[in-house]
Amino acid sequence: MTGMAVDGDAGAGHAPHGHAGDGRIKLAVGAIGVVFGDIGTSPLYAFRETFAGHHSIDADRLHIYGVLSLVFWSMMLVVTFKYVLTIMKADNKGEGGSLALLALISRSSGEARWTWPIVLLGVFATALFYGDSMITPAMSVLSATEGLSYVNEGFEPYIVPIALAILIGIFALQSRGTAKVGALFGPIMLAYFLMLAVLGVTHIVDHPSIILHTINPINALKFFYYDGFTAFIALGAVVLAVTGAEALYADMGHFGRAPIGLSWLCFVLPALMLNYMGQGAMVLEADLGQRLGLIQDPFFLMMPEGWRIPVVMLAIAATIIASQAVISGAFSLTQQAIQLGFIPRLRVEHTSASAAGQIYIPVVNWFLMTMVIILVLFFGSSSNLAAAYGIAVTGAMFIDTCLMCVVLFMLWKWPAWKAVPLLVLFFVVDIAYFAANLIKVPDGGWVPLAIGLSIFTMLTTWSRGRKLMQQRMAEGAMPIPVFVKSAADSATRVPGTAVFMTSTADGVPHALLHNLKHNKVLHERIILLTVKIADVPFVKEENSCLLEDLGKGFHRLVLNYGFMQPVDVPAALKRVTSCGGEFRMIETSFFLSRQTLIAASKPGMPIWREKLFAWMLRNSESAMEYFRLPTNRVVELGSQVAI
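Source: prediction; values computed, not measured.

K.L.:
Quick one: what's the story with the overall build of the protein, residue by residue and with numbers?
P.N.:
Helix and strand content of the protein: 28 helices and nine strands. Taken against the 2.2 N^0.38 rule, which gives 26 Å for 643 residues, the C-alpha radius of gyration of the protein at 27 Å falls within 12% of a compact globule. Principal-axis analysis of the C-alpha atoms gives the protein an extent of 95 × 55 × 50 Å. At a minimum sequence separation of 6, the contacts of the protein that also span at least 24 residues come to 83%. Accessible surface computed for the protein: about 25800 Å², of which carbon and sulfur atoms make up 63%. Looking at charge distribution, the protein has the averaged site of its 43 positive side-chain charges lying 11 Å from that of its 42 negative ones.

Below, the structure is given as structure tokens:
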């Protein structure tokens, strides 16, 4: 019943975000607790997987210096220069993420023919994010619980059951919201990053020259010069150090670009690099015979024995927070996709009375939990999961760079001499990482690709089917002036208000025609109501309602929402008083049209996609619940639509 507005600028703006008026330092601390959980847990496995993963390499000076240099410059190029300093400037009224960027491009380009490939890229990036949101909790929690075996070898057989218990607990608590425990996220992650830095420094002091070797890009180049193919393969594991970089962009609306950049440059980046350098220093300072054992799990072996219990507990807490952030991100992304017309209506519950962004979507929650459990049981260890981790992230990063091309040339109007060198640098890095991860496909990399392609098919099928259905319904629609003129005086008028929900602002709703045909009455006041979702995050309250008097008791009402705003029709009607007095729910009836799909003589989609669309339509949440209509004031009238 919703329609995406063609011009998101018309009367649109953005309401103040949660970061309006807050101190930058306070927001920076909050960002550490939410935004950096994914990238913060990478030291648990990234360095290990480079040397002891499915494609192991020798832990000698050439390779350790080369890998550390690759990690450092990956963080600088991908996280700092690409996301923090460049892409995060492309915000959609303060919001970030692939869908927000896609909406920004679509609004600015209008109906240009070249936009459809861009839309498909943005949708595919969204689909890949769902694959990442399944693998991240499984990978991070499993890698942390594996540290229990270093506390006591007796934990070894129970690592997978413990990890599953933690993961099930995380998903089970989602419906209660994160407002209370969220206050602990910042302090816990602060302690975690400080722990990373301290552990690293304790080993760097034994090998201080490792700092210069790490920041020296020549060591990365030497790695490629002397051992080119091995270095290329190593990129598939090095990229694990920057997984979560896209979260900085996606969570920008919650904290703002400046606080995220501040916390990254001044705290998170130094802590991460100190830990990576500490792992490398520990291995280099060990005897050749000990290196093979140390490289199997350098993070947990770098800590003194007395530190192991608190460090493992803190690592588990950090992975829980990282998982929570990814799950919450999946909820937010799903809400955006619903509003923008890529996902059917789903039940969205708000878990906080004050923070609109804290939501819970049961279907998404239990689907993610099921997939995470399957992944843990299927792969069995974080090392096996690492083979599947990275390809979805690098694919999404590559798509972000493609979308950035449009932003630089079409929106920001950068000259070629300024934009091309930057884009070439980003593309070279992204393509190298993505290509290196393609080697992982036989070892498990096919999993996120299969998940992404499946979700991409569902998103595009729903979007296409929805447009076809609206077109078919509009073809036989009667013009409103003709209907008002002919029906208003001939039909019997009864007291009360009738609100007819319609997906388009043109033509007479099918529910109104069916009601008049079968009941042969019209209410004294008739509202033709359309809900439109603009391609901006928030719409100003003064522009949220557009009212037109059609005469003879008929009114056209358009409610405008941003794609980050929850839809509440009764609450919006309370603010409307200029069309025959205030709305009283006890005297108002809402008429909805429920469509049944039938095959057309010339199908608009392949039959299998039509069946998929019909299944999604049947299982979508009813318009009554989605628009928060009073259950005892709703009348549904069925109609058949051929697509």
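Having seen it, we continue.
K.L.:
Any details on helix α15 (residues 257–285)? Residues and values, ideally.
P.N.:
Its 29 residues give α15 an end-to-end C-alpha distance of 40 Å, which sits within 8% of 42 Å, the value for a rise of 1.5 Å per residue. Within α15, the axis deviates most sharply at Trp264, by approximately 45°.

K.L.:
Tell me what's going on with the packing of aromatic side chains, and back it up with residues and numbers.
P.N.:
Using the criterion set out here, one finds 22 aromatic pairs in the structure. Ring centres 6.5 Å apart and planes at 75° place the aromatic pair Phe129 and Tyr130 in the edge-to-face group. Considered together, Phe129 and Tyr130 belong to a single accessibility category, that of buried residues. Following the ring pairs from residue to residue traces out a cluster consisting of Tyr150, Phe299 and Phe300. Taking NZ or CZ as reference, Lys418 lies 4.3 Å from the ring centre of Trp414, over its face. When the ring centre of Phe583 is taken as reference, the NZ or CZ atom of Arg525 above it lies at 4.1 Å.

K.L.:
Describe in detail the confidence of the model for the protein, supporting the description with residues and values.
P.N.:
Residues of the protein with pLDDT of at least 70 account for 92%, and the chain-wide mean is 85. Mean pLDDT per element in the protein: strand β1 (residues 2–4) is the minimum at 37, and helix α10 (residues 210–215) is the maximum at 95. Scored below 50 in pLDDT, residues 1–22 shows 57 contacts in the model against residues more than four places distant or in partner chains.

K.L.:
Tell me what's going on with the pairing of strand β8 (residues 588–598), and back it up with residues and numbers.
P.N.:
For β8, a buried count of eight out of eleven residues is recorded, marking the element as mostly surrounded by other parts of the structure. Sheet topology note: the strand β4 (residues 492–501)/β8 ladder contains four bridges and is parallel. Paired with Val499 across the bridge in β8 is Phe590.

K.L.:
How would you explain the pattern of salt bridges if you had to name every residue and give the values?
P.N.:
In the structure shown here, the tally under the stated rule is eight salt bridges. Across the salt bridge formed by Arg48 and Glu146, the nearest N and O atoms sit 3.9 Å from each other. One end of the pair, Arg48, is in helix α3 (residues 46–52); the other, Glu146, is in the loop between α6 (115–145) and α7 (148–151), and 98 residues separate them in sequence. The partner of Asp430 in a salt bridge is Lys82, and the shortest N-O contact between them spans 2.7 Å.

K.L.:
Can you break down the environment of Arg525 residue by residue, with the values?
P.N.:
Looking at the element boundaries, Arg525 is found in strand β5 (residues 521–534). Residue class for Arg525 comes out buried when judged on its relative accessible area of 9%. Considering only alpha carbons, one finds Arg525 and Phe51, 474 residues apart in sequence, at a separation of 73 Å. Not counting residues within four places of it along the chain, the set of residues in contact with Arg525 comprises Gly496, Thr497, Ala498, Gly553, His555, Cys579, Gly580, Gly581, Glu582 and Phe583.

K.L.:
Lay out the packing of helix α21 (residues 391–411) against helix α22 (residues 416–438) with the relevant residues and their values.
P.N.:
It is at 9 Å that the axes of α21 and α22 come closest, and there the two elements cross at 165°. Between α21 and α22, the angle falls in the class roughly antiparallel. Remark: the crossing between α21 and α22 carries left-handed chirality. Taking contact as the criterion, the partners of Ile391, Thr394, Gly395, Met397, Phe398, Thr401, Cys402, Cys405, Leu408 and Phe409 in α21 are, on α22, Ala416, Ala419, Val420, Leu423, Phe426, Phe427, Asp430, Ile431, Tyr433, Phe434, Asn437 and Leu438. For the contact of α21 with α22, a count of residues per class yields 17 nonpolar, four polar and one charged.

About the thresholds
- Residues numbered from 1 in each chain as written.
- Predicted model: local features only at pLDDT ≥ 70, side-chain atom pairs only at ≥ 80, totals over all residues.
- Heavy atoms only, no water.
- Helix = DSSP H or I, 4+ residues; strand = E, 2+ residues; numbered from the N terminus.
- Rg over C-alpha atoms; globule rule 2.2 N^0.38 Å.
- Contact = heavy atoms within 4.5 Å.
- Areas by Shrake-Rupley, 256 points an atom, 1.4 Å probe, with all protein chains shown as cover.
- Lys, Arg positive; Asp, Glu negative; His and termini not counted.
- Charge placed at Lys NZ, Arg CZ, Asp CG, Glu CD.
- Expected span 1.5 Å × (residues − 1).
- Bend = angle between axes of the 7 residues up to and from the residue.
- Phe/Tyr/Trp six-rings, centres within 6.5 Å; stacked < 30°, edge-to-face > 60°.
- Buried < 20%, exposed > 50% of the residue type's maximum accessible area, 1.4 Å probe, protein only.
- Lys NZ or Arg CZ within 6 Å of the ring centre and 35° of its normal.
- pLDDT = per-residue confidence, 0-100.
- Pairing = 2+ DSSP bridges.
- Salt bridge = Lys/Arg side-chain N within 4 Å of Asp/Glu carboxyl O.
- Axes fitted to C-alpha atoms, helices over the stretch in contact; angles between N-to-C directions.
- Parallel < 35°, antiparallel > 145°, perpendicular 65-115°, else oblique.
- Left-handed = near helix turned anticlockwise from the far one by under 90°.
- Nonpolar A, V, L, I, M, F, W, Y, C, P; charged D, E, K, R; others polar.

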